[in-house]
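Summary of the model geometry
One-letter residues, chain by chain:
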Amino acid sequence: MGSLKYPECRRYRGRDKVLCLLESIERDYRQGRISQGIAEARMKYLVALNRANHWMPEKELVLLIDKYLERIGAKPLYANRKGRARARELGIAVATA
């Protein structure tokens, strides 16, 4: 199983680990170490890692990732048509504009 390379987050478990990873990704983007596209891809990869490791409920994770994506100026996770259907499955309200 793959992972994100952030050694400072290894000591955390569950929700704290997810928050640490999201903050580390955002920090790398702000410092110019990674591009916006790579930061967005890493945040999306967290959803897959969460499905394997069950760190927190997926609905809660998606809402949290959307908040961080907004901070870096990227589109929300489920912004496209297929994604909106998935969001409805999770019970997340999405704009249809």
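Throughout this document, residue positions are counted from 1 along each chain, in the order its sequence is written. With pLDDT at 70 or above as the cut-off, local features in this predicted model cover only qualifying residues; side-chain atom pairs require 80 or more to be listed or tallied, and sums for whole chains, interfaces and linings still use all residues. Note that water and hydrogens are dropped before the side-chain values are worked out from all heavy atoms of the structure.

**Things to note about the environment of Cys 20**
Numbering of helices and strands starts at the N terminus; helices are DSSP runs of H or I of at least 4 residues and strands are runs of E of at least 2. Locating Cys 20 in the fold gives a position in helix H1 (residues 14-30). Working definition: with a 1.4 Å probe on protein chains only, accessible area under 20% of the residue-type maximum means buried, over 50% means exposed, and in between means partly exposed. With relative accessibility at 11%, the residue Cys 20 sits in the buried group. Any two residues whose heavy atoms approach within 4.5 Å at even a single point are treated as in contact. The residues touching Cys 20, leaving out its near neighbours within four places in the chain, are Glu 8, Cys 9 and Tyr 12.

**Observations concerning the side chain of Ser 24**
With respect to the helices, strands and loops of the structure, Ser 24 is situated in helix H1. For Ser 24, a relative accessible area of 2% gives the class buried. We call two N or O atoms a polar contact when they sit within 3.5 Å, provided that within protein one can donate a hydrogen and the other can accept it, with sequence-adjacent residues counted only if both atoms are side-chain atoms. Engagement of the side chain of Ser 24 in a polar contact is seen with the side chain of Glu 8, the distance being 2.9 Å.

**Observations concerning the state of the cysteines**
Our working definition of a disulfide is a cysteine sulfur pair at a distance within 2.5 Å. Within the structure shown, the criterion is met by 1 disulfide. For Cys 9, the disulfide goes to Cys 20, at an S-S distance of 2.1 Å. With the S-S dihedral at roughly -80 degrees, the linkage between Cys 9 and Cys 20 falls on the left-handed side. Separated by 11 residues along the polypeptide, Cys 9 in the segment before H1 and Cys 20 in helix H1 bring together distant segments of the chain. An identical accessibility class is assigned to Cys 9 and Cys 20; each is buried.

**Observations regarding the confidence of the model for the protein chain**
Predicted coordinates in areas of low pLDDT are best not read in detail. Values of pLDDT, ranging from 0 to 100, describe the predictor's confidence in every residue of the model. Confidence along the protein chain averages 85 in pLDDT terms, with 79% of residues attaining 70 or more. No element of the protein chain has a lower mean pLDDT than helix H4 (residues 81-90), at 66, and none a higher one than H1, at 95.

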